[in-house]
Every structure is written in structure tokens, then in C-alpha cells.
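Spelled out from the first residue to the last, the chains are:
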Amino acid sequence: MIVGDMEQKMRHARQKVQDAIEAHHGTTLLSTGITGDDARMALAAVKAGARMIEPNHPALALARGYKGVTSMHVAESLRHEISVDQMAEAVHGVRNVVGNDIYITVGAAGTFTEVMPTPLTEEDVIKLARAGADGLHTHKSTIEDLKDVVDMAHRYGLLIDAYIAHPSDRHLFGIPCETPKEVAETAKKMEDIGVDFVGLMTGMSYEGVEAGKIADPVKERIDALVKAVSVPTLAEGGINLDNFKAFIGTGVNIIVVGTAIDDVAREAVDRVVRTLVEHE
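Rules and cut-offs
- Residues numbered from 1 in each chain as written.
- Predicted model: local features only at pLDDT ≥ 70, side-chain atom pairs only at ≥ 80, totals over all residues.
- Heavy atoms only, no water.
- Helix = DSSP H or I, 4+ residues; strand = E, 2+ residues; numbered from the N terminus.
- Rg over C-alpha atoms; globule rule 2.2 N^0.38 Å.
- Buried < 20%, exposed > 50% of the residue type's maximum accessible area, 1.4 Å probe, protein only.
- Contact = heavy atoms within 4.5 Å.
- Phe/Tyr/Trp six-rings, centres within 6.5 Å; stacked < 30°, edge-to-face > 60°.
- Salt bridge = Lys/Arg side-chain N within 4 Å of Asp/Glu carboxyl O.
- Pairing = 2+ DSSP bridges.
- Core = buried A, V, L, I, M, F, W, Y, C linked by side-chain atoms within 4.5 Å.
- Axes fitted to C-alpha atoms, helices over the stretch in contact; angles between N-to-C directions.
- Parallel < 35°, antiparallel > 145°, perpendicular 65-115°, else oblique.
- Left-handed = near helix turned anticlockwise from the far one by under 90°.
- Nonpolar A, V, L, I, M, F, W, Y, C, P; charged D, E, K, R; others polar.
- 1 Å grid on protein atoms, 1.4 Å probe; cavity = no way out; pocket = protein on both sides within 12 Å on 5 of 7 lines; lining within 4 Å.
- Points joined across faces, edges and corners; volume = space filled by probe spheres on them.

1. Quick notes on the overall build of the chain
Here comes step 1: Scanning the chain from N- to C-terminus turns up 11 helices and nine strands.
Here comes step 2: Scaling as 2.2 N^0.38, a compact globule of 280 residues should have a C-alpha radius of gyration of about 19 Å, and the chain matches this with 18 Å.
Here comes step 3: Taking all 280 residues of the chain together, 50% fall into the buried category.
Here comes step 4: When contacts within the chain are restricted to residue pairs at least 6 apart in sequence, long-range pairs at least 24 apart make up 68% of them.

As C-alpha cells, this is what we get:
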């Protein structure tokens, strides 16, 4: 009954992403963290040129001080307690201020591999779609779970960005793959089950890496990813103002940045407040 409607919705969403990639010469930005969960900051990001925004449930937990959390690490342990209704409200607020031409992907309880059993339901997907989401930001850790989410999301007009992780990552944000060969094989499987955008968790936690550079193991994993799929690719994790240029030219189409933006915002607040109170 709504198949044609949802296909049209997805075509429009894909075009938003393609337009962003082309506008930024092959590598665009998916802005998250404070710019995903605070409508004022989302609008600031869009006015600065961002065309993709990502609200997500751990960032919302941190932004709201849920149960007193003050770090993203702790927020990750209880992100599943943030309701889909709360995420839909956040998406709706962001959509209201950024307009319809901005791509919004949302992470919500059940789109990640949660620390407690948290199913994602059709009602949840419909709520997020009606709130203004174009896609679901997912970090499922098995192909089987990911396929279930892909099928449900597409049924209601939402695209999927999904990620490949490393088994040694502190938090498992995707399907674990240790070698570049495994990255390539898994990326192709993800594309085959209908994932619209395939990403790699880059970590960037390698000692001895020259400032502004990407560690060789990360380069090899990125290269394996971009060569394996024909859909747009993403890199997420540890990307900041010092190293983002190293991703340009790698074939990655979208860099996901949240913490680096959050850190600058905190520093700006600290600087302004200190200036105002230390006026002697």
C-alpha cells in the first residue's frame, strides 16, 4: 500500500547524500554529538555548511545528563534507556530548524548492539520516520541482526548506515573484522543485504602516529572498504581538526565527527565564562 511512497522517500534521501558528497568534492561531513541533539547547534552546523546531521541516543543521554552521566563512555552503558519517543522528539526539533534538504540519520535504542536486550519495532521505525528522519544510524554486530533492521527500515522509507568495527575496540560499534580481507568481505555482505552506506570505525588510537596522519593499519582497512563496495562509504572515530585532511583522497565519502566538535564547544564555553567572571 505504501511501497511506492517509501521508495520515493528513499530516493529523495539518497539524493540528499549524493548532493552533499558532490558539493564537498567527494568527501562530506556527517555532524553529530552536540550538533545532532541540540537544534541550535544543528542549525549552526548547517549554516556553516554541514548537510548531514546525526542525533543518537548515547549523545542525547550525555546532553540531558541522564542519571548524572558526564562522559560518553558512561553514556554508552545506558543508552538503551533513552526512549525512541525521546529520540523522535530530538529529530523533530532538528528537522524543524534545518529544513527538508538536510539528511538526518538517527541512532536509537535497538539500532546499536545494546548492553541489554532492546528490540527495535516497526512502531519505533515509523515514529522516527514521521519525526523527520531520513535514515537509521546502526551499529549492529552481526549480519543477521543488521539484515532485520535493514528490511524494517526500508519498509518504512528509511536508509541505513552501518559500520565495521575492530574486535579490540572499547565499544563494539559494528560487525567485528580484524583484517583488511575480513573488512572487504563483510562490507560486500553488508551491501548485498541492502545497507545504503557502509562505514568503518577508524579508532585512531594508534601510538606513535604522526600528527595529522592516519595509522597504516587504518589506511589498509579504509582501502579494503572503499574497494569492496559501490555505495557511499563513511569513516567514524577519532576524526578531528588535526587529522581530517588525511581522509581526503582515501575514497571515503563521509567523515563522521562529533567529539571533536563537542570539545571545541566546551572550550568556547570555558573561555567565555572565565572571561566574564575573572573580570578584575
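2. A word on the packing of aromatic side chains
Here comes step 1: By the definition in use, this model includes two aromatic pairs.
Here comes step 2: Judged by centre distance (6.0 Å) and plane angle (85 degrees), the ring pair of Tyr-103 and Phe-197 falls under edge-to-face. On the criterion of sequence distance, the pair formed by Tyr-103 in strand S3 (residues 103-106) and Phe-197 in strand S7 (residues 197-201) is long-range, its members being 94 residues apart.
Here comes step 3: On the numbers, 6.0 Å between centres and 75 degrees between planes, the contact of Phe-112 with Phe-173 is edge-to-face. Taken as a pair, Phe-112 in the loop between S3 and helix H7 (122-131) and Phe-173 in the loop between strand S5 (159-165) and strand S6 (175-176) lie far apart in primary sequence, 61 residues in all. Both residues of the pair, Phe-112 and Phe-173, belong to the buried class.

3. Focus: the pattern of salt bridges
Here comes step 1: Enumeration according to the criterion identifies 17 salt bridges in this entry.
Here comes step 2: The residue Asp-151 makes a salt bridge to Lys-147 at a minimum N-O spacing of 2.8 Å. In this pair, Asp-151 and Lys-147 both sit in helix H8 (residues 143-155), four residues apart, roughly one turn of the helix.
Here comes step 3: Judged by relative accessible area, Asp-151 falls into the partly exposed class, the value being 31%.
Here comes step 4: For Lys-147, a relative accessible area of 37% translates into the label partly exposed.
Here comes step 5: In this structure, the salt-bridge partner of Lys-188 is Asp-192, at a minimum N-O distance of 2.7 Å. In this pair, Lys-188 and Asp-192 both sit in helix H9 (residues 180-192), four residues apart, roughly one turn of the helix.
Here comes step 6: Linked by salt bridges that have partners in common, Lys-16, Arg-95 and Asp-134 make up one network.

4. Observations regarding the pairing of strand S9 (residues 254-257)
Here comes step 1: Residues Ile-254 and Val-256 point to one face of S9 and Ile-255 and Val-257 to the other, with burial holding for every one of them.
Here comes step 2: Strand direction decides the pairing type here: strand S1 (residues 28-31) and S9, joined by four bridges, are parallel. By the bridge assignment for S9, Leu-30 is matched with Val-256.
Here comes step 3: In the sheet, strand S8 (residues 233-236) pairs with S9 via three bridges, with the strands oriented parallel. Across the sheet, residue Leu-234 finds its bridge partner in S9, namely Ile-254.

5. Focus: the nonpolar core
Here comes step 1: Judged by nonpolar contacts, the single largest core of 65 residues is most densely connected at Leu-128, Leu-136, Leu-146, Ile-160, Val-195 and Val-198.
Here comes step 2: Those residues in contact with Val-195 that lie beyond four places of it in its chain are Leu-146, Val-150, Ile-160, Ala-162, Met-190 and Val-231.
Here comes step 3: The next biggest cluster of nonpolar side chains, apart from the first, holds 18 residues, and it includes Val-17, Met-52, Met-201 and Val-256.

6. Points about the side chain of Glu-236
Here comes step 1: Here Glu-236 lies in strand S8.
Here comes step 2: Beyond its immediate chain neighbours, meaning those up to four positions away, Glu-236 contacts His-137, His-139, Tyr-163, Leu-200, Met-201, Thr-202, Gly-203 and Val-256.

7. A short note on unusual backbone geometry
Here comes step 1: Unlike most non-glycine residues, His-25 shows phi in positive territory, near 60 degrees.
Here comes step 2: Even without a glycine there, the phi angle at Lys-67 is positive, about 55 degrees.
Here comes step 3: Mapping Lys-67 onto the fold places it in the loop between helix H4 (57-63) and helix H5 (72-78).

8. Digging into the packing of helix H3 (residues 39-48) against helix H6 (residues 84-98)
Each packed pair of helices is defined by two parameters, the angle between the axes and the distance between the axes.
Here comes step 1: Closest axis-to-axis distance for the H3/H6 pair is 9 Å, and the angle between their directions is 40 degrees. When the interaxial angle is binned, H3 and H6 end up oblique. Remark: the crossing between H3 and H6 carries right-handed chirality. Between H3 and H6, the contacting residues are Ala-39, Ala-42, Leu-43 and Val-46 on the first element and Gly-93, Val-94, Val-97 and Val-98 on the second.
Here comes step 2: For the contact of H3 with H6, the per-class residue count stands at seven nonpolar, one polar and no charged.

9. So, the layout of surface pockets
Here comes step 1: Approximately 240 Å³ is the volume found for the second largest pocket.
Here comes step 2: Every residue lining the second largest pocket is listed: Gly-33, Ile-34, Asp-37, Ala-59, Leu-62, Ala-63, Thr-70, Met-72, Asp-262, Ala-265, Arg-266 and Val-269.
Here comes step 3: Listed by contribution, the elements that provide at least two residues to the lining of the second largest pocket are helix H2 (34-37), H4 and helix H11 (259-277).
Here comes step 4: When residues of the lining of the second largest pocket are assigned to their parent elements, the largest contribution, four residues, is made by H11.

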